[in-house]
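# Notes for the structure review
Listed below are the residues making up each chain.
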Amino acid sequence: MLTREDDININALHQQGWTISAIARHTGRDRKTVRAYLTRTRSPGVRERPDGDPFDRFVDYVTARLAEDPHLWALTLFDELQPLGFTGSYPTLTRQIRTRGLRPRCLACAGATGRANAVIDHPSGEETQWDWLELPDPPVSWGWSKACVLVGSLAHSGRWRGVLAPTMTKPIWLTGSIGSSPAWVGSPGRGGSTGWRRSATPITGR
């Protein structure tokens, strides 16, 4: 990619009668590059994508998955896309979803803006779903500036448990989730929470 200053330079040399080969030797650029800028098939400051956008081949898959569940986590999609050949980063995936408008607008969520809400309707799976809920103005006797409830739900039965905590931290989540899971008959072998993929396996303790 040439800067605007480089582009002005090679055009000035060309107007003085320099050949493309001479300009390439003088500037240290490839002859094809010099020719592309002189013929205006390339523009200064714009990086060329030789094979197009590499995310293009994943658009149909991401669109279909988000059409099935508009609340599907981008982290889940990131896990699913990697075996399919996606080599980009997690921020790249979220940027592509946002800029391309791939996530459908949920009317139910749009009507809940500004108040506490949680999406409970998830299909059955292998993991217990854990989510945080922050409660305002806890009793003074607790000695906490805020109160948080860690809620775990079993997707296959709808049963749930809650753990009261003073903060939303990963150590508290691990302690609460691993401590509560043995009390649930038939609970899944893995637990997952927003932002932490496959964080705990209560059966093995890992």
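Structure report, in brief. Along each chain, residues carry numbers from 1 onward, in the same order as the chain's sequence is written. Restriction of local features to residues with pLDDT of at least 70 applies here, the model being predicted, together with a cutoff of 80 or more for giving and counting side-chain atom pairs; totals for whole chains, interfaces and linings are based on all residues. Side-chain calculation: all heavy atoms of the structure are included, whereas hydrogens and water are not.

### Concerning a positive patch on the surface
Nonpolar side chains (Val, Leu, Ile, Met, Phe, Trp, Tyr) are joined into patches within 5 Å and like charges within 9 Å, using only residues with over 30% relative accessible area and no salt bridge. To measure how exposed things are, a 1.4 Å probe is used in the Shrake-Rupley method; for residues, cover is taken only from the protein chains shown. Should a side-chain nitrogen of Lys or Arg be within 4 Å of a carboxyl oxygen of Asp or Glu, the pair is scored as a salt bridge. Charged-residue counts in this description rest on Lys and Arg as positive and Asp and Glu as negative, His and the chain ends being excluded. A charge is said to be at NZ when it belongs to Lys, at CZ for Arg, at CG for Asp and at CD for Glu. There is a patch of like positive charges on the surface, built from R25, R31, K32 and R35. The secondary structure listing takes helices from DSSP runs of H or I that are at least 4 residues long and strands from runs of E that are at least 2 residues long, numbered from the N terminus. Per element, the largest residue contribution to the positive patch is three residues, and it comes from helix α3 (residues 31–38). Inspection of the secondary structure puts R31 in helix α3.

### Examining the packing of aromatic side chains
Working definition: a ring pair exists when centres of Phe, Tyr or Trp rings (six-membered ring for Trp) sit within 6.5 Å. Plane angles under 30 degrees give stacked, over 60 give edge-to-face, the rest tilted. Following the criterion strictly, the structure yields six aromatic pairs and no others. With a centroid separation of 5.5 Å and 85° between ring planes, the pair formed by F58 and F86 is classed as edge-to-face. With a gap of 28 residues between them, F58 in the loop between α3 and α4 (59–68) and F86 in the loop between α5 (74–81) and α6 (90–100) connect regions that are remote in the sequence. Like F58, the residue F86 is buried in the burial classification. Grouped by ring-pair contacts, the aromatic residues F55, F58, F78, F86 and Y90 constitute a single cluster. Throughout this description, buried means an accessible area under 20% of the type-specific maximum (1.4 Å probe, protein chains only), exposed means over 50%, and partly exposed covers the range between.

### A short note on the environment of T27
Note on placement: T27 falls in helix α2 (residues 20–27). Spatially, the C-alpha atom of T27 lies 9.0 Å from that of N9, the residues being 18 residues apart in sequence. By definition, residues are in contact when any of their heavy atoms lie within 4.5 Å. Each residue touching T27, except ones within four places of it in the same chain, is listed here: N9, I10 and V34. Of the polar contacts made by the side chain of T27, one reaches the backbone oxygen of I23; its length is 2.8 Å. Between N or O atoms, a polar contact is any pair within 3.5 Å; within protein, one atom must be a potential hydrogen donor and the other a potential acceptor, and residues adjacent in sequence are included only when both atoms are from side chains.

### Let's talk about the packing of α5 against α6
The axes used here are C-alpha line fits, helices contributing only the stretch in contact, and every angle between their N-to-C directions lies in the interval 0 to 180 degrees. The interhelical angle for the contact between α5 and α6, taken along N-to-C directions, is 115°, at an axis separation of 10 Å. One element, α5, and the other, α6, form an angle in the roughly perpendicular class. Classified by chirality, the crossing of α6 by α5 is right-handed. Contacts from A74, L75, L77, F78 and L81 of α5 reach α6 at Y90, L93, T94 and I97. Within the contact of α5 with α6, the residues separate by chemical class into eight nonpolar, one polar and no charged. Reported orientations rely on four angle classes, namely roughly parallel under 35 degrees, roughly antiparallel over 145, roughly perpendicular from 65 to 115, and oblique for the rest. The handedness criterion is simple: a crossing whose near helix is rotated anticlockwise from the far helix by less than a right angle is left-handed, and one whose near helix is rotated clockwise is right-handed. Side-chain classes follow a simple rule in which Ala, Val, Leu, Ile, Met, Phe, Trp, Tyr, Cys and Pro form the nonpolar group, Asp, Glu, Lys and Arg form the charged group, and the remainder, Gly included, forms the polar group.

### Focus: the packing of α4 against α5
Contact geometry of α4 with α5 gives a least axis separation of 11 Å together with a crossing angle of 140°. In terms of their interaxial angle, α4 and α5 are classed as oblique. Crossing of α4 against α5: the hand is right-handed. Along its contact with α4, which presents Y61, V62, R65 and L66, the element α5 presents L77, E80 and L81. Tallied by class, residues from the contact of α4 with α5 come to five nonpolar, no polar and two charged.

### Concerning the environment of T63
Examined against the element boundaries, T63 turns out to sit in helix α4. For T63, a relative accessible area of 34% gives the class partly exposed. Separated by 34 residues in the primary sequence, T63 and I97 place their C-alpha atoms 8.9 Å from one another. At a separation of 2.7 Å, a polar atom in the side chain of T63 contacts the main-chain carbonyl oxygen of V59.

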